[in-house]
Amino acid sequence: MIGSEQTIQATNVGLSKAKALFELTKFRLSVLVTFSGIIGYCLGTSHIDWGHLFLFALASFTITGAANTINQILERDLDKLMKRTRNRPLPTGRLSVRDAIIWAILLGVLATFIFVAFFNIRTAALALFSLILYGFVYTPLKRVGSVAVLVGAFPGAFPPMIGWIAATNQFGLEPGILFAIQFFWQFPHFWAIAWVADEDYKRAGYRLLPSEGGKDLNTAFQIMINALFLIPVGWLPYKLGMTGINSAFIATIFGILFLAQTFHLMRKCNDKTALQLMFGSFLYLPIVQIAFLLDKV
């Protein structure tokens, strides 16, 4: 009887630890990043090998999970200060830092092995560079100022480029354009989140909004400027022969709608419109990327 109870207890502890490790990957964020990489891979390849696509998705998810884990290791004490993060595995003590470090290494090694063994060195190198930039440069810069958003926009925009290079083993204008679209999207997307979460971020000393005044017209204006760039860059895949005219029109329409939300934020400058912009950003990118894929030439 005692042995059975110990076995059950050990099983429960194991399941609890596995759940906490899974939480470190930030599943929803990692899935969104993986989806973006898959779009780049499918746009770059002339024929989809479903086995390779699965391996690419697995490697993309695990390298992103590793970066997210590193982020949480470095921010574990700050996460205790914020409502949105204080229940994460490390602040609550459900996982030790040692376990998290081992988990990040395992995820990173698995992703690198897959990229090298089944794709190419360029893909592995860019993915590792993205992990280092996000985990060890962007993360500490969050308490310095909005320069962190600029730095973070690079690893945030790499996934479709990584996907294209995984499929082609080539850099070029095409992956550069996919990068540019996601790069400019990062700013209105993240600043909308930072606007909504500003009070929580301040508890941890994060300074992420571009204006010294915080949630003001200047911040809204800078959000608008970056959203404006999405309209011309949305045409470039068509101009380069990557996609057809239909997706260019879709990108333009949704770019205009997204831009209109930033004007609305400039007029109102409140949390409600920032929240609407945040949800608008979540819609814009996958819709435009799917349009590109469906309209692939």
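Before reading further, recall that the structure is shown in the block above.
Summary of the structure given here. For every chain, the first residue of the written sequence is number 1, and numbering continues from 1 onward in sequence order. This being a predicted model, a pLDDT of at least 70 is required before a residue's local features are given, and a value of 80 or more before pairs of side-chain atoms are given or counted; all residues contribute to the totals for chains, interfaces and linings. Computation of side-chain values: all heavy atoms of the structure, hydrogens and water removed.

**Thoughts on the nonpolar core**
Looking at soluble globular proteins, one finds that nonpolar side chains tend to be buried together. F115, F119, F190, Y201, L208, L230 and Y284 are the most contacted members of the largest nonpolar core, which has 77 residues in total. Numbering goes from the N terminus for both helices and strands, where a helix is a DSSP run of H or I of at least four residues and a strand is a run of E of at least two. By residue number, the principal contributor to this core is helix α9 (residues 173-196), which donates 14 residues. Here, residues are in contact when the closest pair of their heavy atoms is within 4.5 Å. Not counting residues up to four positions away in its chain, the partners in contact with F119 are Y41, H52, L55, F56, I114 and A166. Among the nonpolar cores identified, the runner-up in size contains seven residues, and A20, L21, L90 and L95 belong to it. For this analysis, a nonpolar core means a set of buried residues of the types Ala, Val, Leu, Ile, Met, Phe, Trp, Tyr and Cys, connected via side-chain atoms within 4.5 Å. The classification of residues rests on relative accessible area computed with a 1.4 Å probe and restricted to protein chains. Under 20% of the type maximum is buried, over 50% is exposed, and intermediate values are partly exposed.

**Some details on the environment of L265**
Mapped onto the elements of the fold, L265 is located in helix α13 (residues 245-268). According to the relative accessible area criterion, L265 is buried, its value standing at 0%. Each C-alpha atom of the pair L265 and I63 lies 35 Å from the other, and the pair is 202 residues apart in sequence. If near-sequence neighbours (up to four positions away) are discounted, L265 is found in contact with W195, A220, I223, N270, T273, A274 and L277.

**Notes on the pattern of salt bridges**
Opposite charge on two side chains permits them to pair, given that their charged atoms come into close proximity. For this document, the term salt bridge refers to a Lys or Arg side-chain nitrogen within 4 Å of an Asp or Glu carboxyl oxygen. What the rule picks out here adds up to eight salt bridges. The closest approach of N and O atoms between K80 and D77, which form a salt bridge, is 3.9 Å. Residues K215 and D271 are paired through a salt bridge, measuring 3.1 Å at the closest nitrogen-oxygen approach. One end of the pair, K215, is in the loop between α10 (198-203) and α11 (217-233); the other, D271, is in helix α14 (residues 271-294), with 56 residues separating them in the sequence. Classification of K215 by relative accessible area gives partly exposed; the value is 26%. Taking relative accessible area as the criterion, D271 reaches 36% and is therefore assigned partly exposed.

**Digging into α11**
For α11, with 17 residues, the first-to-last C-alpha span of 25 Å sits near the 24 Å given by 1.5 Å per residue. Along α11, the residues that are buried comprise T219, A220, I223, M224, N226, A227, L230, I231 and V233. On the buried face of α11, the contacting elements are α9, α12 (236-239), α13 and α14. As used in this structure description, the phrase polar contact means that two N or O atoms lie within 3.5 Å; if the pair is within protein, one of them must be able to donate a hydrogen and the other to accept it, and residues adjacent in sequence are counted only when both atoms belong to side chains. The opening residue of α11, the one whose side-chain oxygen lies 3.3 Å from the backbone nitrogen of N218, is D216. Expected span of a helix, by definition, is 1.5 Å for each gap between consecutive residues, and there is one gap fewer than residues.

**Digging into the environment of T62**
Within the fold, T62 resides in helix α3 (residues 50-74). Considered as a pair, T62 and S30 are 32 residues apart in the sequence and their alpha carbons are 8.2 Å apart. When sequence neighbours within four positions are dropped, the list of residues in contact with T62 reads L107, L110 and A111. There is a polar contact of 2.9 Å between the side chain of T62 and the backbone oxygen of L58.

**Some thoughts on a nonpolar patch on the surface**
On the surface, L32, V196, L275, F279 and F282 cluster together to form a nonpolar patch covering roughly 410 Å² of accessible area. Counting residues per element, the nonpolar patch draws most heavily on α14, which supplies three residues. Looking at where L32 falls in the secondary structure, it is placed in helix α2 (residues 27-44). Residues form patches when they are more than 30% accessible in relative terms and have no salt bridge. Like charges link within 9 Å. Nonpolar side chains (Val, Leu, Ile, Met, Phe, Trp, Tyr) link within 5 Å. What sets the accessible areas is the Shrake-Rupley method with a 1.4 Å probe; for residues, cover comes only from the shown protein chains.

**With respect to the packing of aromatic side chains**
Aromatic pairing here means that ring centres of Phe, Tyr or Trp (its six-membered ring) are within 6.5 Å. Orientation follows from the plane angle: under 30 degrees is stacked, over 60 is edge-to-face, and everything else is tilted. Across all of its chains, the model carries 22 aromatic pairs by this definition. Seen from their ring centres, F184 and F229 are 4.6 Å apart, and the 15° between their planes marks the pair as stacked. Highlighted residues: F184 in helix α9 and F229 in helix α11, separated in sequence by 45 residues. For F184, a relative accessible area of 18% translates into the label buried. Judged by its relative accessible area of 39%, F229 falls in the partly exposed class. Measuring from centroid to centroid gives 5.4 Å for F187 and W191, while their planes differ by 50°, and the two rings are tilted. Taken as a pair, F187 and W191 lie in helix α9 at a separation of four residues, close to a single helical turn. Site record: aromatic cluster; members linked through ring pairs are F129, F154, F158, F179, F183, F184, F187, W191 and F229. We count a charge as sitting over a ring when the NZ of a lysine or the CZ of an arginine lies within 6 Å of the ring centre and within 35 degrees of the ring normal. When the ring centre of Y206 is taken as origin, the NZ or CZ atom of K142, which lies over that ring, is 4.6 Å away.

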